Amino acid sequence: MSDSLPPDQGDLMSDPSNQPEQLPMPALAGPEQSAADSPSSESAHVYTMRISRLTIDKLGIKLYDRVSAVLAELIANSYDADAEDVTVTVPWGAFLFDPKAPNLSAQYEITISDNGHGMTPSEINQHYLTVGADRRTRTGSDKSRGKNRPVMGRKGIGKLAPFGICKTVEVVSAGGEKTENGYRTSHLILNLTDMLADTEKNYHPEIGELDGTWSEDHGTTIKLRNFSRKRVPSKEELNRQLAARFGLERADWRVCVKNSSSLTDQFTLGQLKIDLLEGTRIELTDRPVPFESSFLPVTGYVAYSEKSYKDSNMAGVRIYARGKFVAQTMDFGIATGFTGEFKLRSSIVGELHAEWLDEDEDLVRSDRQDIIWSSDLGEALSQWGQALMKELAKRSEEHIRRAKTRFFMETSSLEQRLIEAAPADPVYRDSVKEAAALLVRDTDNDSLRNPEHVERISNLAMSLGPHRSLLQALREVADTTETTVDAVMDLFQKAHIAEMYSLGQVAAERLEVVAKLEALISDGRTLERPLQELIEQAPWLLAPEWTPLGMNESLKRVRASFEAWYAKKYSIEINTTAIERKAKEPDFVLLHDSGVLWIVEIKRLGYKLTDAEFLNAMRYLHSLRKFLDDNPELGRQFPYRRLTFVVDSIDRLDEVSISSLENDPNVTRKTWHEVLDSTKRAHKDFLELVESTAGGWTPVTPETAPQVVAPRRPSDAPAQPQLES
């Protein structure tokens, strides 16, 4: 930058003309409108279209409401301006506006500086202040000015993105031809309140003090101030979110993101790092998309991740066009009923680059969060992707099972435990390991990282091992002496029949519950109450390894004690059961198992969880913890306190709620589809274990109802007391 600019302005842009220009923002019309604003030109036209500046509210505030999305748009503008270096300065992890500390909030500022070609005053008027004009049509090229980069921008609305999080946008740009004085600087300040005050007239931004000065370097600096109540992600979150927005690596392109609270704390934007499960990656370069009589090129990969990612930036297949994120899909809309489908939706990751999604035909939604799948090209991509998903699921399933078994054996130390417990009984050890392999092969990756879950599987496998060994021992005895066989059979037959009868009863009950759950999900009209009752009756739907023995009576006492404590402390009566008090709707369902006290917040099919409901449930969890702290004897019985949401959508949650859900290990969420899938997996494993123990006996499976996607309906949440410090 020149000496006329402060050091933090970065590289700016300008024009060789010597006279400062007034910079009007047209009322969202084309570049020719300024000529039509004069009285003479107005009278020359019989008909005139006016587009209200309230469109800014729809295209800016409504489409871009996350800090990372806004930064991505501004970084993309720098890329299109042929910048090689971009510096973003932002207060990591801060709430940009806090009504309780307005003075602190007023000090926050976000700055994006680049060394791109910049803009002259006339270019600012024609391009930057013209909203909604197709950039590529307007400039006559889909490539950048100097470096011939495929430009990311197109619709002409990304410039409005900052107004999704702030009210003031300051632009300092130096560009044009270099003169003996350097590059002419343009400086303007846009205020959202003024822009929306009069929707009929052209808007004229405020002229900044640097306007008309000169800079040694070209480039642009954008400053954002006067924020709405938005949270800046933490360093790790911001790195992931921005990395997910861009799918390109170039030697002439570098983005440095700094923490304004500590400028030495920074990171350079790179590719999103995802741990892939070995042997599952499929390269896409040689797999073009068939379309009519041609093939459309794609690059990238799909694979399974080593662990299931809760972070939406890392889960699923990210789709890019021209190096910028345009969509994300978990399965390309594939229907159920194919081999490996249960793993696919929880572990699929990848990135797909398809330039043709944003070339001749614009298939990208305005908010750049999805593509138009109903278009001809969108349907071709969907069909291609569905076939790819089936192939990935089928070829990866056995590899995934072996990898899970290896991981379980390493983390559980089961081999060492078996050697210590039965050093002279290899048959028993092999039987336990075989049982463990059956139990873990369809378990999700996150559960295998839970020490409690791993311990439960180990104990169950060691309990099943002797039964499998018994059948093998009987077969071996039968080969040696008939007398011994008769004696052994007589000795063990009653115990074996009793054991199988007990297992058969449990299997039949589980089959009945699975069928009931599937019927409820297939009925789009199902409300919360029957779902709450079913979960309370069969808590193993949420945790297939649930141990129901001795649970009911102790749980009744805990429920009663907690409800009485809550009513006394907050003067609010709550109900934590859907079964025992049918006349009153439960506030939530309280369950417990093996030292875990579990709040389950159950919502009807298709429901969208709100921030108020999320906060209410978190308050319940806080109250439960306080209750157990106030009653240490109970607290020692239940050292783990958790919260699970069973709800289909969290689209209505803000960044704070989503961050809490993703980062709190004691708070989880499952969709009804995931509950049904995991239930079916557990159901299948259980039947296989029963069958192997019984030597071929299998209980009859009742018919299941077809799967139907339920409609979505809104609802309000009851008020709850505030958290105590």
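Residues numbered from 1 in each chain as written. Predicted model: local features only at pLDDT ≥ 70, side-chain atom pairs only at ≥ 80, totals over all residues. Heavy atoms only, no water.

Engineer: For this particular structure, what's the right way to read the overall build of the protein chain?
Structural biologist: Scanning the protein chain from terminus to terminus reveals 22 helices and 20 strands. Counting only residues that meet the buried cut, the protein chain has 52% of its 725 residues in that class. Long-range contacts, defined here as pairs at least 24 residues apart, represent 76% of the contacts in the protein chain between residues at least 6 apart. Summed over all atoms, the accessible surface of the protein chain reaches about 33600 Å², with 51% contributed by carbon and sulfur. (Helix = DSSP H or I, 4+ residues; strand = E, 2+ residues; numbered from the N terminus. Buried < 20%, exposed > 50% of the residue type's maximum accessible area, 1.4 Å probe, protein only. Contact = heavy atoms within 4.5 Å. Areas by Shrake-Rupley, 256 points an atom, 1.4 Å probe, with all protein chains shown as cover.)

Engineer: Explain the packing of helix H12 (residues 414–421) against helix H13 (residues 426–440) here, please?
Structural biologist: Relative orientation and spacing of two packed helices are given, respectively, by the angle between their axes and the distance between those axes. At a minimum axis distance of 10 Å, the contact between H12 and H13 shows a crossing angle of 150°. Accordingly, the angle class assigned to the pair H12 and H13 is roughly antiparallel. As for the relative orientation of H12 and H13, their crossing is right-handed in sense. Together, Leu414, Glu415, Leu418 and Ile419 of H12 and Tyr428, Arg429, Val432, Lys433 and Ala436 of H13 make up the contact between the two elements. Along the lines of polarity and charge, the residues of the contact of H12 with H13 split into 6 nonpolar, no polar and 3 charged. (Axes fitted to C-alpha atoms, helices over the stretch in contact; angles between N-to-C directions. Parallel < 35°, antiparallel > 145°, perpendicular 65-115°, else oblique. Left-handed = near helix turned anticlockwise from the far one by under 90°. Nonpolar A, V, L, I, M, F, W, Y, C, P; charged D, E, K, R; others polar.)

Engineer: Please explain the environment of leucine 531 as it appears in this structure.
Structural biologist: Take leucine 531: it is sitting in helix H17 (residues 528–537). Through-space distance from the C-alpha of leucine 531 to that of valine 646 is 9.8 Å; in sequence the pair is 115 residues apart. In this structure leucine 531 touches Leu520, Thr526, Ile602, Lys603, Arg604, Leu605 and Trp672, once residues within four positions along its chain are discounted.

Engineer: It is not clear to me how the sheet that holds strand E15 (residues 324–329) should be interpreted in this structure. Could you clarify?
Structural biologist: Adjacent strands of a sheet pair through backbone hydrogen bonds, lying either parallel or antiparallel. The mixed open sheet is built from 5 strands, whose spatial order is E10-E13-E16-E14-E15. Each end of this open sheet is capped by a strand with a single partner; those strands are strand E10 (282–283) and E15. Bridge count for E10 against strand E13 (residues 299–304) is 2 bridges, and the pairing is antiparallel. Within E13, the position partnered with isoleucine 282 by the bridge is valine 302. Strands strand E14 (316–321) and E15 of the sheet are contacted by helix H9 (residues 235–245), whose axis makes an angle of about 55° with E14. (Pairing = 2+ DSSP bridges.)

Engineer: What should I look at first to understand the packing of aromatic side chains in this one?
Structural biologist: Summed over all chains, the structure comprises 14 aromatic pairs. Residues phenylalanine 332 and tryptophan 384 carry aromatic rings whose centres are separated by 6.3 Å and whose planes lie at 85° to one another, so their mutual orientation is edge-to-face. With a gap of 52 residues between them, phenylalanine 332 in the loop between E15 and helix H10 (341–347) and tryptophan 384 in helix H11 (residues 376–412) connect regions that are remote in the sequence. For tryptophan 384, a relative accessible area of 11% puts it in the buried group. Put simply, the rings of Phe562, Trp565, Tyr566, Tyr570, Phe588, Tyr620 and Phe627 touch in pairs and so form one group of aromatic residues. One cation-aromatic arrangement involves arginine 149 over tyrosine 79; the distance from NZ or CZ to the ring centre is 4.5 Å. Taking NZ or CZ as reference, arginine 281 lies 4.1 Å from the ring centre of tyrosine 301, over its face. (Phe/Tyr/Trp six-rings, centres within 6.5 Å; stacked < 30°, edge-to-face > 60°. Lys NZ or Arg CZ within 6 Å of the ring centre and 35° of its normal.)

Engineer: Just to check I follow, could you spell out helix H4 (residues 67–80) for this structure?
Structural biologist: Spacing of three or four residues puts side chains on the same side of an α-helix, whose turn is 3.6 residues. With 14 residues, H4 should cover 20 Å at 1.5 Å per step; its first-to-last C-alpha distance of 20 Å lies within 8% of that length. Here H4 lies mainly inside the structure; 13 of its 14 residues are buried. Where H4 terminates, the next one or two residues include aspartate 82, which has phi positive at roughly 65°. (Expected span 1.5 Å × (residues − 1).)

Engineer: Just to check I follow, could you spell out unusual backbone geometry for this structure?
Structural biologist: Most peptide bonds are trans, and most residues other than glycine sit at a negative phi. Phi angles above zero are rare outside glycine, and glutamate 292 is one such case at about 50°. Mapped onto the secondary structure, glutamate 292 falls in the loop between strand E11 (289–291) and strand E12 (294–296). A positive phi angle, close to 60°, is found at phenylalanine 332, a residue other than glycine.

Engineer: Hey, could you run me through the confidence of the model for the protein chain in this one?
Structural biologist: The predicted structure's coordinates, where accompanied by low pLDDT, should not be read in detail. Mean pLDDT over the protein chain stands at 75; residues scoring 70 or higher make up 70%. Model confidence for the protein chain, summarised as mean pLDDT per element, is weakest for helix H1 (residues 33–36) at 39 and strongest for strand E2 (residues 110–114) at 96. Segment residues 1–24 is flagged for pLDDT under 50; beyond a separation of four residues in sequence, or across chains, it makes 111 contacts in the model. For the stretch residues 477–502, pLDDT sits under 50, and the model shows 15 contacts to residues farther than four places along the chain or on other chains. (pLDDT = per-residue confidence, 0-100.)

Engineer: Explain the pairing of E15 here, please?
Structural biologist: Strand residues, when the strand is regular, have side chains that alternate between the two faces of the sheet. Along E15, 5 of the 6 residues are buried, which leaves the element largely enclosed by surrounding structure. Examined bridge by bridge, E14 and E15 share 5 bridges and lie antiparallel to one another. From the neighbouring strand, arginine 318 faces E15, where its bridge partner is glutamine 328. With antiparallel pairing between neighbouring strands as the criterion, E14 and E15 make up a hairpin whose turn holds 2 residues, including arginine 322 at a positive phi of roughly 60°.

Engineer: It is not clear to me how the packing of H11 against H12 should be interpreted in this structure. Could you clarify?
Structural biologist: Relative to each other, H11 and H12 sit at 60°, their axes nearing to 6 Å. By the criterion of interaxial angle, the relationship of H11 to H12 is oblique. Seen from H11, the contacting residues are Phe408, Met409 and Ser412; seen from H12, they are Leu414, Glu415 and Arg417. When the residues that make up the contact of H11 with H12 are grouped by side-chain class, the tally is 3 nonpolar, 1 polar and 2 charged.

Engineer: How should I be thinking about a negative patch on the surface in this particular structure?
Structural biologist: The grouping of Glu292, Glu359, Asp360, Glu361, Asp376 and Glu379 at the surface amounts to a negative patch. With respect to the secondary-structure elements, aspartate 360 resides in the loop between strand E16 (348–353) and H11. Judged by relative accessible area, which is 80%, aspartate 360 ranks as exposed. (Patch = residues over 30% accessible without salt bridge, like charges linked within 9 Å, V, L, I, M, F, W, Y side chains within 5 Å. Salt bridge = Lys/Arg side-chain N within 4 Å of Asp/Glu carboxyl O. Lys, Arg positive; Asp, Glu negative; His and termini not counted. Charge placed at Lys NZ, Arg CZ, Asp CG, Glu CD.)

Engineer: Quick question: what am I supposed to make of helix H21 (residues 655–663) here?
Structural biologist: Those residues of H21 lying buried are Glu655, Ser657, Ile658, Ser659 and Leu661. Its buried side turned inward, H21 meets H4, H9, helix H19 (611–630), strand E19 (640–646) and strand E20 (667–670). In this structure aspartate 654 caps H21, since a side-chain oxygen of it lies 3.2 Å from the backbone nitrogen of valine 656. (Polar contact = N/O pair within 3.5 Å; in protein donor to acceptor, adjacent residues only side chain to side chain.)

Engineer: I tried to follow the nonpolar core on my own but got confused; where do I start?
Structural biologist: Where a protein is soluble and globular, its nonpolar side chains tend to be buried together. If you look at the biggest cluster of nonpolar residues, it comprises 60 residues, and the most contacted ones within it are Ile110, Tyr128, Leu190, Leu224 and Val257. Element by element, the count of residues in this core is highest for H4, at 9 residues. Other than its neighbours up to four places away in sequence, valine 257 contacts Val88, Val90, Trp92, Leu238, Leu242, Asp265, Gln266 and Phe267. Core analysis: the next-biggest nonpolar cluster, separate from the first, contains 34 residues, Ala321, Val326, Phe332 and Leu381 among them. (Core = buried A, V, L, I, M, F, W, Y, C linked by side-chain atoms within 4.5 Å.)

Engineer: Would you mind showing me how to read the pattern of salt bridges here?
Structural biologist: Here the idea is simple: oppositely charged side chains can pair when their charged atoms come close. Across all of its chains, the model carries 20 salt bridges by this definition. Across the pair glutamate 415 and lysine 433 runs a salt bridge whose closest N-O atoms are separated by 3.2 Å. Pair noted here: glutamate 415 is in helix H12 and lysine 433 is in helix H13, with a separation of 18 residues, a long-range link. Lysine 433 gets classed as partly exposed once you look at its relative accessible area, which sits at 23%.

Engineer: Help me out: how do you make sense of the environment of arginine 406 in this one?
Structural biologist: Mapped onto the elements, arginine 406 comes out in helix H11. Separated by 31 residues in sequence, arginine 406 and alanine 437 have C-alpha atoms that sit 9.0 Å apart.

Engineer: Where do I start with the environment of valine 656 in this structure?
Structural biologist: Locating valine 656 in the fold gives a position in helix H21. Judged by relative accessible area, valine 656 falls into the partly exposed class, the value being 34%. When the C-alpha atoms of valine 656 and proline 233 are compared, they prove to be 9.0 Å apart, with 423 residues separating the residues in sequence. Leave out the neighbours within four places in its chain, and valine 656 touches Phe95 and Arg231.

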